[in-house]
Amino acid sequence: LEWEEYLDVVQLLKSDLSLKIESYNKLLLEMEEGGEGEGKTKKQQQTASRAKAKSLQVQRKDIATIFQQYLILSFFACVPDRQRTFRELELGRNFMRVDDDDDGGSMWVIKHSAED
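Just so you know, the residues in each chain are numbered from 1, in the order the chain's sequence is written. Local features in this predicted model are restricted to residues of pLDDT 70 or higher, and side-chain atom pairs are both shown and tallied only at a pLDDT of 80 or more, whereas totals for entire chains, interfaces and linings draw on every residue. To get the side-chain values, all heavy atoms of the structure are used, and hydrogens and water are removed first.

### Comments concerning the nonpolar core
Phase 1: To qualify as a nonpolar core, a set must consist of buried Ala, Val, Leu, Ile, Met, Phe, Trp, Tyr and Cys residues joined through side-chain atoms within 4.5 Å. For every residue, the accessible area obtained with a 1.4 Å probe (protein chains only) is divided by the maximum for its type, and the residue is called buried under 20%, exposed over 50%, and partly exposed between those limits. By size, the foremost hydrophobic cluster in this structure holds 10 residues: Tyr-6, Val-10, Leu-13, Leu-17, Tyr-24, Leu-27, Leu-56, Ile-63, Ile-66 and Tyr-70.
Phase 2: Within the residue set of this core, elements represented by two or more residues are helix H1 (3–33) and helix H2 (42–78).
Phase 3: Should any heavy atoms of two residues lie within 4.5 Å, those residues are considered in contact. For Tyr-70, the residues in contact, after removing those within four places along its chain, are Val-10, Leu-13 and Lys-14. Think of it this way: any DSSP run of H or I at least four residues long counts as a helix, any run of E at least two long counts as a strand, and we number them from the N terminus.

### Details of the pattern of salt bridges
Phase 1: Within this document, salt bridges are pairs made up of a side-chain nitrogen of Lys or Arg and a carboxyl oxygen of Asp or Glu, the two lying within 4 Å of each other. Throughout the structure, instances matching the rule amount to 4 salt bridges.
Phase 2: Here Glu-30 and Lys-52 are joined by a salt bridge, their closest N and O atoms 3.7 Å apart. Separated by 22 residues along the polypeptide, Glu-30 in helix H1 and Lys-52 in helix H2 bring together distant segments of the chain.

### Topic: the packing of H1 against H2
How two helices sit against one another is set out by the angle between their axes and by the gap between those axes.
Phase 1: Angular values range over 0 to 180 degrees, each being the angle between N-to-C directions of two axes fitted as lines to C-alpha atoms, with helices fitted over their stretch in contact. Where H1 contacts H2, the axes come no closer than 9 Å and their chain directions differ by 155°. Considering their axes alone, H1 and H2 lie roughly antiparallel with respect to each other. Where H1 crosses over H2, the handedness of that crossing is left-handed.
Phase 2: Considered class by class, the residues forming the contact of H1 with H2 number 20 nonpolar, 6 polar and 7 charged. Geometric relationships in this document are graded by angle, where less than 35 degrees denotes roughly parallel, more than 145 denotes roughly antiparallel, 65 to 115 denotes roughly perpendicular, and other angles denote oblique. By convention the crossing between two helices is left-handed if the near helix lies anticlockwise of the far one by an angle smaller than a right angle, and right-handed if it lies clockwise. The nonpolar class holds Ala, Val, Leu, Ile, Met, Phe, Trp, Tyr, Cys and Pro. Asp, Glu, Lys and Arg form the charged class, and all remaining residues, Gly among them, are polar.

### Some words on the pairing of strand E2 (residues 106–110)
Phase 1: What makes two strands pair is DSSP finding at least two bridges between them. With 5 bridges connecting them, strand E1 (residues 95–99) and E2 associate as antiparallel partners. When the bridges of E2 are listed, Met-96 appears paired with Val-109.
Phase 2: With antiparallel pairing between neighbouring strands as the criterion, E1 and E2 make up a hairpin whose turn holds 6 residues, including Gly-104 at a positive phi of roughly 80°.

### Concerning the packing of aromatic side chains
Phase 1: Within 6.5 Å between ring centres, the rings of Phe, Tyr and Trp (the latter by its six-membered ring) count as paired, and their orientation is classed by plane angle as stacked under 30 degrees, edge-to-face over 60, tilted in between. Under the defined criterion, the tally for this structure stands at 3 aromatic pairs.
Phase 2: Summarising the aromatic geometry, the rings of Trp-3 and Tyr-6 are spaced 5.4 Å apart at their centres and angled 20° between planes, so their arrangement reads as stacked. Highlighted residues: Trp-3 and Tyr-6, both in helix H1, separated by 3 residues, approximately one helical turn.
Phase 3: When the centroid spacing of 5.4 Å and the interplanar angle of 85° are considered together, the rings of Phe-75 and Phe-95 count as edge-to-face. In this pair, Phe-75 sits in helix H2 while Phe-95 sits in strand E1, placing the two residues 20 residues apart along the sequence.
Phase 4: Judged by its relative accessible area of 15%, Phe-75 falls in the buried class.

Structure representation (structure tokens):
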């Protein structure tokens, strides 16, 4: 796999993630607004509501999986480190968001300790 192809894969994952999140947000908004119960019995409304809730659950899992793949490939593209570092990443312990003093923003960092 050439470098350009690798970067294309990362971009495709990012694009796919954006589409999944957009679809999820649209369905979530539909559920919050309701309005699709007109002309349906209470049982039909409940069935439709359960189906949408299940769909949201499936979409959340899909989003998490794609996001995980995207992050892993992105890390490999910009953080030259060992496999073990990535396997042991833990939010808040060695993978954290810190304030950037230069522009007032923040950034994500991997913090190594003596045990690493």
